[in-house]
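Breakdown of the fold
One letter stands for each residue in the lines below.
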Amino acid sequence: MAQKIQAVKGMNDLLPVEQKDFKLTAAFWQAFEDTVNRWTKRYGYRQIRTPIVEQTGLFVRSIGEETDVVGKEMYTFADNAGKTSLSLRPEGTASCLRAVVEHDLTYNAPQKLWYMGPMFRAEQPQKGRYRQFHQVGIEALGFEGPDIDAEIIAMCADLWAELGISEHLTLEINSLGNREERAAHRAALVAYLTAHENELDEDSKRRLKTNPLRVLDSKNPALQSICNAAPRLLDYLGEASQQHYAGFKALLDGLGIQYVENPRLVRGLDYYNQTVFEWTTDKLGSQATVCGGGRYDGLMEELGGRSTPSIGFAMGIERLLLLVHEYGRLNADVVPDVYVMQQGEGSTLAAMKYARELRAAGYDTAQYSGSQKLKAQIKRADQSGAHFALIVAEGELSDGTVTLKDMRGTHGQVTVPAQDLIQTLQQWKSE
Ligand code: HAM
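Every chain's residues receive numbers from 1 upward, in the order its sequence appears when written. Given that this is a predicted model, residues contribute local features only at a pLDDT of at least 70 and side-chain atom pairs are listed and counted only at 80 or more, while totals for whole chains, interfaces and linings are drawn from all residues. Working from all heavy atoms in the structure, the side-chain values ignore hydrogens and water.

Observations concerning the environment of Thr365
Here Thr365 lies in strand β13 (residues 365-367). Remark: the alpha-carbon pair of Thr365 and Leu299, spanning 66 residues in sequence, is separated by 50 Å. If we skip the residues at most four places from it in the chain, Thr365 touches Val338, Val340, Ala355, Leu358 and Arg359. Distance and chemistry together define a polar contact, namely a pair of N or O atoms within 3.5 Å, with one atom able to donate a hydrogen and the other to accept it when in protein, and with adjacent residues in sequence counting only for side-chain atoms on both sides. From its side chain, Thr365 meets the backbone oxygen of Tyr363 in a polar contact 2.9 Å long. To qualify as a helix, a DSSP run of H or I must reach at least 4 residues; to qualify as a strand, a run of E must reach at least 2; elements of each kind are numbered from the N terminus. Between two residues, a contact is recorded if the distance between any of their heavy atoms is within 4.5 Å.

Here we look at empty space enclosed by the protein
Lining residues are defined by having an atom within 4 Å of a point belonging to a cavity or pocket. Those points lie on a 1 Å grid over the protein atoms alone, cavities being sets where a 1.4 Å probe fits but cannot get out and pockets being open sets with protein on both sides within 12 Å along at least five of seven lines. Grid points are joined across faces, edges and corners, and a volume is the space filled by probe spheres set on the points. Enumeration according to the criterion identifies 1 cavity of 30 Å³ or more in this entry. Its volume calculated, the largest cavity comes out at about 40 Å³. Glu66, Thr67, Asp68, Arg206, Arg207, Thr210, Asn211 and Arg214 are the residues that line the largest cavity. Considering every element that reaches the lining of the largest cavity, the biggest residue donor is helix α7 (residues 202-210), with 3 residues. By residue class, the composition of the lining of the largest cavity is no nonpolar, 3 polar and 5 charged. For this classification, Asp, Glu, Lys and Arg are treated as charged, while Ala, Val, Leu, Ile, Met, Phe, Trp, Tyr, Cys and Pro are nonpolar and the rest, including Gly, are polar.

Re the site of the ligand
Close to the ligand lie 26 residues, the nearest being Glu91, Thr93, Glu123, Glu139 and Tyr272. Residue Glu91 places a side-chain N or O atom 2.5 Å away from a nitrogen atom belonging to the ligand. Taking Thr93, its side chain carries an N or O atom lying 2.8 Å from a nitrogen atom of the ligand. Surface accessibility follows the Shrake-Rupley procedure with a 1.4 Å probe radius. Residue values consider only the protein chains on display as shielding. Protein burial of the ligand: of its 660 Å² of free accessible surface, 96% is covered by the chains. Elements with a minimum of two residues in the shell around the ligand: β6 (132-141), β10 (289-295) and β11 (310-316). It is β10 that provides the largest number of residues to the shell around the ligand, a total of 5 residues. Residue composition of the shell around the ligand, by class: 11 nonpolar, 8 polar and 7 charged. Residues are counted as near a molecule or strand when any one of their heavy atoms sits within 4 Å of it.

Re the sheet that holds strand β16 (residues 413-417)
DSSP bridges decide pairing: two strands pair if at least two such bridges lie between them. The strand order across the open sheet formed by 5 strands is β13-β12-β14-β15-β16, and the pairing between neighbours is mixed. Each of the sheet's edge strands pairs with one partner strand only, and the pair in question is β13 and β16. Along the sheet, successive strands turn relative to each other by an average axial angle of 25 degrees, direction set aside. In the sheet, strand β12 (residues 338-343) pairs with strand β14 (residues 388-393) via 6 bridges, with the strands oriented parallel. Its bridge partner lying in β14, Met341 is registered against Ile391. Those strands touched by helix α13 (residues 374-384) are β12 and β14, and its axis lies near 170 degrees from that of β12. All axes are obtained by fitting lines to C-alpha atoms, using only the stretch in contact for helices, and the reported angles, taken between N-to-C directions, cover 0 to 180 degrees. This element, helix α15 (residues 421-430), spans β12, β14, β15 (401-406) and β16 of the sheet and lies at about 15 degrees to β15.

What to know about the domain arrangement of the protein
Note that domain bounds follow an automatic or database assignment of domains. Segmentation of the protein into domains returns domain 1 (26-177 + 237-327) and domain 2 (338-430). A C-alpha centroid distance of 48 Å is found between domain 1 and domain 2.

Re the packing of aromatic side chains
The aromatic pairing rule takes the rings of Phe, Tyr and Trp, using the six-membered ring of Trp, and pairs them if the centres are within 6.5 Å, calling planes under 30 degrees apart stacked, those over 60 edge-to-face and the rest tilted. Taken as a whole, this structure holds 7 aromatic pairs when the rule is applied. Between Phe277 and Phe313, the ring centres sit 6.3 Å apart and the planes meet at 70 degrees, which makes this aromatic pair edge-to-face. Taken together, the positions of Phe277 in strand β9 (residues 273-280) and Phe313 in strand β11 put the pair 36 residues apart, joining distant regions of the chain. Grouping residues by exposure puts Phe277 and Phe313 together as buried. In this scheme, a residue with accessible area under 20% of its type's maximum is buried, one over 50% is exposed, and one in between is partly exposed, where area comes from a 1.4 Å probe on protein chains only.

Here's the deal with the pairing of β14
Across the 6 residues that make up β14, a large majority, 6, are buried. Of the two faces of β14, both are covered, the one formed by Phe388, Leu390 and Val392 as well as the one formed by Ala389, Ile391 and Ala393. Relative to β15, β14 runs antiparallel, the two sharing 4 bridges. Residue pairing for β15: Ile391 is matched across the bridge by Thr403.

As for the layout of surface pockets
Reported here for the second largest pocket is a volume of approximately 620 Å³. Along the wall of the second largest pocket there are 27 residues; nearest its centre are Arg179, Arg182, Asp270, Tyr271 and Tyr272. Of all elements in the fold, only α2 (56-63), α6 (179-195) and α10 (299-302) reach the threshold of two or more residues within the lining of the second largest pocket. Its residues assigned to classes, the lining of the second largest pocket comprises 9 nonpolar, 8 polar and 10 charged.

Remarks on the pattern of salt bridges
The working definition used for a salt bridge is a side-chain nitrogen of Lys or Arg within 4 Å of a carboxyl oxygen of Asp or Glu. A complete count under the given rule lists 21 salt bridges for this structure. Between Arg42 and Glu162 there is a salt bridge, and its shortest N-O distance comes to 2.9 Å. Placement of Arg42 in helix α1 (residues 26-42) and of Glu162 in helix α5 (residues 147-163) is noted, with a sequence separation of 120 residues between them. Note on Arg42: relative accessible area 51%, which makes it exposed. The exposure class assigned to Glu162 is partly exposed, which follows from its relative accessible area of 27%. One salt bridge connects Arg98 with Glu54, and the closest N-O pair in it is separated by 2.8 Å. Placement of Arg98 in helix α4 (residues 93-102) and of Glu54 in strand β2 (residues 53-55) is noted, with a sequence separation of 44 residues between them. We classify Glu54 as buried; its relative accessible area is 7%. A single salt-bridge network, built from bridges that share partners, covers Arg38, Arg42 and Glu162.

Given below as structure tokens:
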């Protein structure tokens, strides 16, 4: 036998059935997609779809060369006989803004956009962390806030409520201030960390040189006391930044949305300023962040567009759905209403016609395909989970009757004139 070929490590198949170590089915996923379609529409956001491959320079310029995402995790390859460097997108914001600038979408009016799709990061795979993963993201372009900052948080909170997972998510917020405030804080932080350089681990020593703010992100328990005592960015915020942050918090308070202020929340991508936030859970082990985002007021200009204050977030669909699967609710019912079987000469065509009639009347209808005996067909009908079964038998074709069987309820089995089929089903369903 030829050797089997397996999926690439860290990339999942979505199957009609649950897998041992990956519980999400395609139907569950699709039910979530339907929810997202309704949710974004309710908030007046419009969808944008961009390619999954972009020029590498786009991500270097927007996410930042020194970030883990760009520095270590991108799938990059040469195209065009080695002349162009392309990368699989590791996130959606850069592509979204590239498209908005390219097509001048914000020329007439600000834009509220959303997207959904696969992203790629060459991380070490584990539960909740994959190499191909999926995000739903929104980007609100051309809004100064803080009202929009609060709107997108409320938007998240509504989705968590709809999915029944609100109690498992905590909102953490912080403000990163503006460029000058960050520079002043950075200088103080570098001085402080340099004074403690001997106590830092290798990773933090490297970050001290490249991106000192990220040292505060360290998960190393030995560094927690140093990090806790480090200069806080919040203390370096000027009047305008403080007002923005206070306005944001006042709106959250007014909306009754609870949050925790985390002055060490810095996010892993370079484009952020002012408001940043993450929704975290203690139910997914170390992959605790389900959704993250913030303002990136300078990014559009850096990508060649006009200065456009903006904010957005993205949630990891796998992480979110693992949480929903275990603790929340999402109706992923894919069982057919009716399962159609056939028996004997000439019954296949008649069964196909009845099945189409049922579908046209709004019943999800699966039809048996093949030539097994009725007993085997009934077994299939049972496996399908269908509520009702229709048996189209050769002997009944001439007198224009069909047999209906209630597979789950108390109506038993009846033979009715074919023209009464839909009516009988309607009656059974309503009882
Ligand atoms: P991010 O924090 O890099 O932000 O990713 C957002 C979410 O994607 C994470 O909170 C996590 O749930 C999920 N995620 C990230 N990496 C993986 C992975 N390897 N496996 C599974 N899930 C993962 C961004 O991507 C920004 N573009 C968000 C944003 C939009 N900010 C402003 N607008």
